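Architecture and fold: a report
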Amino acid sequence: MSKQIYFDHNATTPVDGEVFQAMKPFLTEQWGNPSSIHWAGRGPHKAIDEARDQICEFLGCSSVELVITSSGSEGDNLAIKGVAYAKKKKGNHIITTKVEHPAVLNPCKFLEREGFKVTYLGVDKDGMLDLDELRSAITPETTLITTMFANNETGVVFPIKEIGAIAREHKITFHTDAVQSAGKIPINVADLNVDLLSISGHKLYGPKGVGALFVKRGVRIVPLIHGGHHERNRRGGTENVAGIVGLAKACEVAMRDMAGESARVAKLRDRLEKGLLEGIPALRINGKRDSRIPNTANVAFDFVEGESLLLSMDMLGIAAASGSACTSGSLESSHVLNAMGVKAELTHGSVRFSLGRSNTEEEVDYLIKEMPSIVERIRGMSPLWDTKAQKGIELDFD
Ligand SMILES: Cc1ncc(COP(=O)(O)O)c(C=O)c1O
């Protein structure tokens, strides 16, 4: 394969060169246990302290408010189960949305089996939440609201500050999954009315296997992993020193480069959408276009099977995704697009292009040039597509 074009940065990102360099000493000469009081532990211990400060600066919190995790999934689980169990005596009702990542939906389903009640709020056709619906879902039993910051499939950004204000008004703990917004749009927990916020290293050019959860001072969580006194008794386990140092460097690079890079990527994303819309009939963009992270385009190709599209693109070296990274490979349609009321035929023909640091205008133009013939060829095989008229055939069942 000659070309390799990567439009799947919401699935994962490559480790940044500076990040790798920062991590290297902690995989080689600085291998000590950071809890050891002897010479071997001192370097790693200091490195973790400094890394923690850097991650806190990125999030706008203090170091006692940070729990290092192994992933975004762990952060979400710790926040949701941790708060639900800690507040069990107060109430047993949780509010979330239908468009969350499985790392939020599945802990909620687990808690339902444990006797908790969960309300799954719907979204409108643009993937946006209705705040009045959120208000009406609150009961005296509600202890936790958990909604994502930015959607991994459509990029739609929820009004986190407003949701947080509603939660505060009712003294309900509020968690947000910021895995897809960290590094793409500014995050400052002090401005967002959030009590807990999770991020993941590998989505912002850091390593896999590390993440962080902000837990506001005074918010109690029951740990998932019981062990030593690590993370102020909130997560046992010897620290992943290289991973933590890598996450910190990724946060530092993101803080330094985000403004310019996000503007550049947004321009590329807009160019991609415009080029596809102009070059291919019967196509639409899923998700509220004026409230999205800058890198994500979710494109619905009518009368096309998304998997065939992805395979044809892959043959040209172009990587993209259908649904979330976790569900691609299965033929289940996207729960996010279903919740937005996108017709089943279109959820199957929807492709997520998520751009990032490596992408160039030339790559976007290559995609724009190649896509019309790929789509035309696949549509040509559909009995529902009129090739001559370049539109779908209206079926009359009367
Ligand atoms: C919104 C969102 N939350 C959570 C996760 C899970 O993160 P991790 O892969 O670090 O477990 C992902 C990963 O795709 C995501 O997109």
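Residues numbered from 1 in each chain as written. Predicted model: local features only at pLDDT ≥ 70, side-chain atom pairs only at ≥ 80, totals over all residues. Heavy atoms only, no water.

A separate point is the overall build of the chain. The secondary structure content of the chain amounts to 13 helices and 14 strands. Since a compact globule built from 398 residues should have a radius of gyration of about 21 Å, the 22 Å found for the chain is in line with a globular shape. By its C-alpha atoms, the chain is 75 × 55 × 30 Å across when sized along the principal axes. Each of the 398 residues in the chain was classed as buried or not, and the buried ones make up 57%. If you take every contact in the chain between residues at least 6 apart in sequence, the share linking residues at least 24 apart comes to 74%. For the chain, the computed accessible surface area is about 17500 Å², with 54% contributed by carbon and sulfur atoms. Where the 47 positive side-chain charges of the chain centre and where its 51 negative ones centre are 5 Å apart. (Helix = DSSP H or I, 4+ residues; strand = E, 2+ residues; numbered from the N terminus. Rg over C-alpha atoms; globule rule 2.2 N^0.38 Å. Buried < 20%, exposed > 50% of the residue type's maximum accessible area, 1.4 Å probe, protein only. Contact = heavy atoms within 4.5 Å. Areas by Shrake-Rupley, 256 points an atom, 1.4 Å probe, with all protein chains shown as cover. Lys, Arg positive; Asp, Glu negative; His and termini not counted. Charge placed at Lys NZ, Arg CZ, Asp CG, Glu CD.)

The biggest cluster of nonpolar side chains holds 67 residues, and the ones touching the most others in it are Ile55, Phe58, Leu59, Phe158, Ile163, Leu197 and Ile199. Among the elements that make up this core, the one with the highest residue count is helix H9 (residues 241-279) (10 residues). Composition of this core by domain shows at least three residues from each of domain 1 (5-11 + 258-390) and domain 2 (17-254). Look past the residues within four positions of phenylalanine 58 in its chain and what remains in contact with it is Ala182, Gly183, Ile187, Ile199, Leu204, Cys251, Ala254, Met255 and Met258. Core analysis: the second largest hydrophobic core is formed by 29 residues, Leu268, Val299, Val364 and Met371 among them. (Core = buried A, V, L, I, M, F, W, Y, C linked by side-chain atoms within 4.5 Å. Domains from an automatic or database assignment.)

Attention shifts here to the domain arrangement of the chain. Looking at the assigned domains, one finds that the chain contains domain 1 (5-11 + 258-390) and domain 2 (17-254). Here the C-alpha centre of domain 2 lies 29 Å away from the C-alpha centre of domain 1. Taken residue by residue, the interface counts 27 residues in domain 1 and 32 residues in domain 2. Across the domain 1/domain 2 interface, buried area totals approximately 2500 Å², and carbon plus sulfur atoms make up 57% of it. Of all residues in domain 1, Met258, Ile293 and Arg357 bury the most surface against domain 2, accounting for 27% of the area lost on that side. In this assembly, domain 1 and domain 2 are joined by 0 salt bridges. For the interface between domain 1 and domain 2, the tally reads 15 residue pairs in polar contact (both at pLDDT 80 or more). Elements with a contribution of two residues or more to the side of domain 1 that touches domain 2: H9, strand E10 (296-301) and helix H11 (335-339). In terms of residue class, the side of domain 1 that touches domain 2 is built from 9 nonpolar, 14 polar and 4 charged. (Buried area = accessible area lost by both parts, 1.4 Å probe. Salt bridge = Lys/Arg side-chain N within 4 Å of Asp/Glu carboxyl O. Polar contact = N/O pair within 3.5 Å; in protein donor to acceptor, adjacent residues only side chain to side chain. Nonpolar A, V, L, I, M, F, W, Y, C, P; charged D, E, K, R; others polar.)

Right, let's talk about the site of the ligand for a bit. Taken together, 13 residues lie around the ligand, and Gly72, Ser73, Asp177, Ser200 and Lys203 are the ones closest in. One of the side-chain N or O atoms of aspartate 177 is found 2.6 Å from a nitrogen atom in the ligand. For the ligand, the protein covers 90% of the area, taking 390 Å² as the surface of the free molecule. For the shell around the ligand, the element with the most residues is helix H3 (residues 72-86), which contributes 3 residues. (Near = heavy atom within 4 Å.)

Let us now look at the sheet that holds E10. Read across the sheet, 3 strands follow the order E9-E10-E12 without closing on themselves; strand pairing throughout is antiparallel. The open sheet is flanked by strand E9 (283-286) and strand E12 (350-354), the only strands paired with a single partner. Pairwise comparison of adjacent strand axes, ignoring direction, gives a mean angle of 30° for this sheet. Where E10 and E12 come together, 5 bridges link them in antiparallel fashion. Following the sheet pairing, asparagine 298 is matched in E12 by arginine 352. In the packing of H9 onto the sheet, contacts are made with E9, E10 and E12, and the angle to E10 comes to roughly 10°. (Pairing = 2+ DSSP bridges. Axes fitted to C-alpha atoms, helices over the stretch in contact; angles between N-to-C directions.)

Here the focus is the environment of glycine 164. Structurally, glycine 164 is set in helix H6 (residues 160-169). Overall, the relative accessible area of 0% leaves glycine 164 in the buried class. For the pair glycine 164 and proline 223, spaced 59 residues apart in sequence, the C-alpha separation works out to 23 Å. If near-sequence neighbours (up to four positions away) are discounted, glycine 164 is found in contact with Phe174, Leu192 and Asn193.

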